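The residues making up each chain are set out below.
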Amino acid sequence: METVLDAQLTQAPGSGGPQRHTAWLTTINPDGSPHVRPVGVIAHDGAWYFTSGFATRKSRNLARDHRCVVSVATDPFDLILEGTAERVVDVSELADVAAAFVRSGWPAQVDGDALTAEYSAPSAGPPPWHVYRARPSTVFALGTSEPFGATKFQLD
């Protein structure tokens, strides 16, 4: 499981299960209902990072309540990370994360306390984009191939 958590998950067709990797972020709306959107995730220094525009619902939700879930289908198991997401404002950490995004093919650069680039996913909203570090407290791995099964890891 740690190998998958530390790996870069591409969006390329045929690169994951089912057929590609899409990370899904679930945040909590003010009324307590879930809000689910796809996000681009980068693994860096043992953590998962994603971006979101200042005015997006997911950014507003995380500013109010840091609890979230990130899920992704991989091969040979699906992952569900329950925990929190914290906005990254440290310039050194932002530079490291931007460099990791660049190595993965997204031309991000630090712009103050956020990132900018020529483009991003439509769900990220307009630039600049906040950077968030996902901090899982519980990880579930659900087998998608033999021997199947499920495993729960507590990280706190």
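Residues numbered from 1 in each chain as written. Predicted model: local features only at pLDDT ≥ 70, side-chain atom pairs only at ≥ 80, totals over all residues. Heavy atoms only, no water.

**Quick look at the packing of aromatic side chains**
Okay, step 1: Considering all chains together, one arrives at three aromatic pairs under this definition.
Okay, step 2: With a centroid separation of 5.0 Å and an interplanar angle of 85 degrees, the aromatic rings of Phe101 and Trp106 are classed as edge-to-face.
Okay, step 3: Trp106 gets classed as buried once you look at its relative accessible area, which sits at 10%.
Okay, step 4: An angle of 55 degrees between the planes, with centres 5.6 Å apart, marks the rings of Trp106 and Trp129 as tilted. Of this pair, Trp106 sits in the loop between α3 (91–103) and β7 (109–111) while Trp129 sits in strand β9 (residues 129–143), placing them 23 residues apart in sequence. (Phe/Tyr/Trp six-rings, centres within 6.5 Å; stacked < 30°, edge-to-face > 60°. Buried < 20%, exposed > 50% of the residue type's maximum accessible area, 1.4 Å probe, protein only. Helix = DSSP H or I, 4+ residues; strand = E, 2+ residues; numbered from the N terminus.)

**Let's talk about unusual backbone geometry**
Okay, step 1: With an omega of -5 degrees, the peptide bond running from Pro127 to Pro128 counts as cis.
Okay, step 2: Considering the arrangement of structural elements, one finds Pro128 in the loop between β8 (114–116) and β9.
Okay, step 3: You will see that Phe148, though not glycine, has its phi angle at about 60 degrees, which is positive.
Okay, step 4: Looking at the secondary structure, you find Phe148 in the loop between β9 and β10 (150–154).
Okay, step 5: Phe148 gets classed as partly exposed once you look at its relative accessible area, which sits at 45%.

**Points about the confidence of the model for the protein**
Okay, step 1: For the protein, the average pLDDT comes to 87, and 86% of its residues sit at 70 or higher.
Okay, step 2: No element of the protein has a lower mean pLDDT than helix α1 (residues 2–6), which averages 55, and none a higher one than helix α2 (residues 57–64), which averages 97. (pLDDT = per-residue confidence, 0-100.)

**Looking at the pattern of salt bridges**
Okay, step 1: Taken as a whole and judged by the stated rule, the model has five salt bridges.
Okay, step 2: One salt bridge in this structure joins Arg67 and Asp65, with 2.8 Å as the shortest N-O distance.
Okay, step 3: A salt bridge links Asp113 to Arg87; its shortest N-O distance comes to 2.8 Å. Of this pair, Asp113 sits in the loop between β7 and β8 while Arg87 sits in strand β6 (residues 77–88), placing them 26 residues apart in sequence.
Okay, step 4: Shared partners join several salt bridges into a network, and the residues in it are Glu86, Glu93, Arg133 and Arg135. (Salt bridge = Lys/Arg side-chain N within 4 Å of Asp/Glu carboxyl O.)

**Concerning α2**
Okay, step 1: Along α2, the positions that sit buried rather than exposed are Lys58, Ser59, Asn61 and Leu62. The arc enclosing the buried residues of α2, seen along the axis, measures out at 160 degrees, which places them on a common side.
Okay, step 2: Its buried side turned inward, α2 meets β1 (23–28), β2 (34–39), β4 (47–53), β5 (67–73), β6 and β9. (Arc of directions from axis to C-beta. Contact = heavy atoms within 4.5 Å.)

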